[in-house]
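Given next are the chains, with one letter for each unit.
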Amino acid sequence: MTRDRIFASPVWQHFLHIEGLHDLPVPALLAADRLFEEIKATATIAPAPSDYAAWAQRSGMEPCAWLETLTVAAEVILPSELENIAAARRLLRPTSPADCSAPSRQKVTGSVWDPCARVPSPRARRVSVHPWDLPEPWQAALRRAAQGLPGEKAAAPARHILLRMREKLCQLAWAARESWLEIGLTEPVLRTYLEALEARLRAREHGIRWATLRATVEELHRFARYVGDISDTDLSYLRKRLGRYELLEKGQDALKFAALLETGNTTLTLLDRADALLTQAARAKAPATRHRLRNAAAILGLYSIVPLRNADAALILGETLIWQGGAWIINTQIRKTRHRSPDPLVVPLEPTFGRYVDAVVQGDFDFRYLPALRKQVCASGRPLIMHADGSQPSPTYIPRVFKEQTGNSFTTTRTMLHSDQAISRGEQGTRDAMVIAHQTSPQTVKKYQARRVRQVAVERVQEATATRRETLMPTELLIAISNLNTNNRTAS
């Protein structure tokens, strides 16, 4: 079937205005078209993961391959459904179709998530209103987006983005009320809100962070495009403000650069720390303590040389972390902000780094059981990092342990890798760091290296100036200055 014939269907008329739709490959469009047919045939209001799994099994394709193809389309037209599609792929992991749950035909809208639902005994808010106090048209737009329905000029955002957008709207509404302005996406309200936000940020310990303001305006701009009823003048003001914050953000080092310089951590010091944790684990008496220390060693040892993002750090044995050809291999999809398609990342671990995985897998068992344990855990499909009682940790567990052990946030791993590789191996080190950190833009590398490059440049300039000065100054004067400096250091 051709692209034109697909778009001729009535259901597609709701999506024709979405950016990126016409760039989708035909197989992805066909998968989405099949999805719409299933939804209509089964009268499903809010598809569950089991629905997607059942539809994939009767798609005529290999089920997981159909879901993967559908994901490509959903990233553009139905991003709010990505979590359900991913969950369906996990449901299809068993080899027997009988293990998959039967589809749940939800025929009522009561089960649909309401982003503006009233919460009993809500916590008091100081600089924002409650979602149910937003203007009715805004609440209606947020509920429509929560159902995955497209807006006037944009597709519905994913749930976590929708939550961010909602909170920014609640703050904007509060700022408008405080200034006795009618709540709306108008220039006076936008100006009042952003100026108040700037003032609050300036009062913080680290001062104003332009990235925060840029992200705020991004969400307001996203909502403005979704509802589509903002005037050209107000939309132009929003775009200009966004451009201003983007420019200011580029000229400001992220807090992680300063924090990294304060701790002095490098990739090598993290690996030394990981080895020390394994030594501590071997000496610890309590099994739970040994387990916790091995987890911490694996977190430092793995993510210092494979700097995954927070969302991708929870490696699954047998799925994103596999044992193959005598080595552990990280094989995962990296879903980067603003990217429609995930980037594949395949990293075979050298034995020096794979041993951190082995330490967790082996646990308190004797070394001779390690080969059998590798097979067992890969068949289990469980996360590599688990609590001692077998429960799964929260998504914040790995970043939190990293911060506790190093004093730096989990996001500094890429910064450390770039700095270490650029200093020790030059341009080739930078290129390799880009690959391992799944980065493609040279501007990204410049941002990560900027702080360290400036520091090295200052040191080199001072060294060169001192050398040139020595060649121009009389010997007697140099000796006098040297003696003076020596006396000052002795006195201090």
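Residues numbered from 1 in each chain as written. Predicted model: local features only at pLDDT ≥ 70, side-chain atom pairs only at ≥ 80, totals over all residues. Heavy atoms only, no water.

With that out of the way, let us pick up the pattern of salt bridges. Opposite charge on two side chains lets them pair, provided their charged atoms get close. Counted according to the given criterion, the structure contains 17 salt bridges. Between Glu 38 and Arg 58 there is a salt bridge, and its shortest N-O distance comes to 3.2 Å. In this pair, Glu 38 is assigned in helix 2 (residues 26-42) and Arg 58 in the loop between helix 3 (49-57) and helix 4 (63-77), connecting sequence segments 20 residues apart. For Arg 214, the salt bridge goes to Glu 218, with nearest N and O atoms at 3.1 Å. Of this pair, Arg 214 and Glu 218 both sit in helix 9 (residues 210-227), four residues apart, roughly one helical turn. (Salt bridge = Lys/Arg side-chain N within 4 Å of Asp/Glu carboxyl O. Helix = DSSP H or I, 4+ residues; strand = E, 2+ residues; numbered from the N terminus.)

Another point: helix 3. Among the nine residues in helix 3, seven count as buried, and that is most of the element. Of the residues making up helix 3, those classed as buried are Ser 50, Asp 51, Tyr 52, Ala 53, Ala 54, Trp 55 and Ala 56. Tucked inside the fold, the buried residues of helix 3 contact helix 2, helix 4 and helix 5 (82-91). (Buried < 20%, exposed > 50% of the residue type's maximum accessible area, 1.4 Å probe, protein only. Contact = heavy atoms within 4.5 Å.)

The subject of this paragraph is the packing of helix 13 (residues 287-303) against helix 14 (residues 351-362). Two elements in contact, helix 13 and helix 14, have axes whose closest approach is 9 Å; the angle formed by their N-to-C orientations is 160 degrees. One way to sum up the angle between helix 13 and helix 14 is to call them roughly antiparallel. In this structure, helix 13 crosses over helix 14, and the sense of that crossing is left-handed. Packed against helix 13, whose contacting residues are Arg 294, Asn 295, Ala 297, Ala 298, Gly 301 and Leu 302, the element helix 14 presents Phe 353, Tyr 356, Val 357, Ala 359 and Val 360 at the interface. Looking at the contact of helix 13 with helix 14, its residues break down into eight nonpolar, two polar and one charged. (Axes fitted to C-alpha atoms, helices over the stretch in contact; angles between N-to-C directions. Parallel < 35°, antiparallel > 145°, perpendicular 65-115°, else oblique. Left-handed = near helix turned anticlockwise from the far one by under 90°. Nonpolar A, V, L, I, M, F, W, Y, C, P; charged D, E, K, R; others polar.)

Right, let's get into the state of the cysteines. Inspection of every chain in the model, using the stated rule, returns zero disulfides. In this structure Cys 170 is a free cysteine whose sulfur lies 7.3 Å from that of Cys 116, the closest cysteine sulfur available. The class of Cys 170 is buried, set by a relative accessible area of 0%. (Disulfide = S-S within 2.5 Å.)

Judged by nonpolar contacts, the single largest core of 42 residues is most densely connected at Leu 349 and Leu 384. For this core, the elements supplying multiple residues, two or more each, are helix 12 (267-283), helix 13, strand 2 (327-334), strand 3 (343-348), helix 14, helix 15 (370-380) and helix 16 (397-406). In contact with Leu 384, other than residues within four places in its own chain, are Leu 302, Leu 315, Leu 317, Leu 321, Val 357, Val 360 and Val 361. With 39 residues, the next largest nonpolar core counts Leu 197, Phe 223, Val 227 and Ile 230 among its residues. (Core = buried A, V, L, I, M, F, W, Y, C linked by side-chain atoms within 4.5 Å.)

All we've got here are geometric facts, nothing functional implied.
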